[in-house]
Amino acid sequence: MPALSDAWPLVLASGLLFGAVFLSVVASTTALVRHNCATAAWPAGIAAFTIVFAFGQIVGPSLVGAIADGDIKPYP
């Protein structure tokens, strides 16, 4: 939304939406691990999901930046 307008209500709504989505990812990941793993495996399962999420947080913006800079062509 901030890319479309610099009006403060849209910027605020965008931040609230991002925060809500981010919190729901954490909560749903924890619920998924708790539902599908034994109690003793919860810490390892949550750690694994945290590592994968962190990897995505590094790789995703790096790829988008490389595409935006023209270093990688998204389509041949």
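Residues take numbers from 1 onward in each chain, read along the sequence in its written order. pLDDT decides what is reported in this predicted model: residues at 70 or higher carry local features, side-chain atom pairs at 80 or more are listed and counted, and totals for whole chains, interfaces and linings draw on all residues regardless. Processing note: side-chain calculations cover all non-hydrogen atoms of the structure and skip hydrogens and water entirely.

## As for the overall build of the chain
Looking only at helices and strands, the chain has two helices and zero strands in total. Note on method: radius of gyration uses C-alpha positions; expected globular size equals 2.2 Å times residues raised to 0.38. Taken over C-alpha atoms, the radius of gyration comes to 17 Å for the chain, far larger than the 11 Å a tight globule of 76 residues would show. Once the C-alpha set of the chain is aligned to its principal axes, its extents read approximately 45 × 40 × 15 Å. Counting all 76 residues of the chain, 7% fall into the buried class. On the chain, roughly 6,100 Å² of surface is accessible, and the fraction owed to carbon and sulfur atoms is 75%. Secondary structure elements follow DSSP: runs of H or I no shorter than four residues count as helices, runs of E no shorter than two count as strands, and numbering proceeds from the N terminus. Each residue's exposure class comes from its accessible area (1.4 Å probe, protein chains only) as a fraction of the maximum for that residue type: buried when under 20%, exposed when over 50%, partly exposed otherwise. Here the Shrake-Rupley method, with its probe set to 1.4 Å, supplies the accessible areas, and only the displayed protein chains count as covering residues.

## Notes on the packing of helix α1 (residues 8-36) against helix α2 (residues 42-69)
To define axes, lines are fitted to C-alpha atoms, for helices over the stretch in contact only, and angles between the resulting N-to-C directions are given on a 0 to 180 degree scale. Between α1 and α2, the shortest axis-to-axis distance is 9 Å and the interhelical angle comes to 145°. Regarding α1 and α2, the two cross each other, and that crossing is right-handed. Of the residues in α2, those touching α1 at F22, V25, T29, T30, L32, V33 and R34 are W42, G45, I46, F49 and F53. By convention the crossing between two helices is left-handed if the near helix lies anticlockwise of the far one by an angle smaller than a right angle, and right-handed if it lies clockwise. The criterion used for residue contact is that any of the two residues' heavy atoms lie within 4.5 Å.

## Points about the packing of aromatic side chains
Working definition: rings of Phe, Tyr and Trp (its six-membered ring) pair if their centres are within 6.5 Å, and the pair is stacked with planes under 30 degrees apart, edge-to-face with planes over 60 apart, and tilted otherwise. The full count for this structure, using the stated rule, is two aromatic pairs. Summarising the aromatic geometry, the rings of F18 and F22 are spaced 6.3 Å apart at their centres and angled 20° between planes, so their arrangement reads as stacked. Note that F18 and F22 are positioned in helix α1 at a spacing of four residues, about one turn of the helix. A centroid spacing of 5.8 Å and a plane angle of 55° characterise the contact between F22 and F53, whose relative ring orientation is tilted. On the criterion of sequence distance, the pair formed by F22 in helix α1 and F53 in helix α2 is long-range, its members being 31 residues apart.

## Quick word on a nonpolar patch on the surface
Like charges are joined within 9 Å and nonpolar side chains (Val, Leu, Ile, Met, Phe, Trp, Tyr) within 5 Å, but only among residues with over 30% relative accessible area and no salt bridge; these make up the patches. Here, a salt bridge means any side-chain nitrogen of Lys or Arg that lies within 4 Å of a carboxyl oxygen of Asp or Glu. A grouping of L17, F18, V21, F22, L23, V25, V26 and F53 is seen on the molecular surface, where their side chains present a nonpolar patch of about 740 Å² in accessible area. Note that V21 resides in helix α1. You can call V21 partly exposed: its relative accessible area is 44%.

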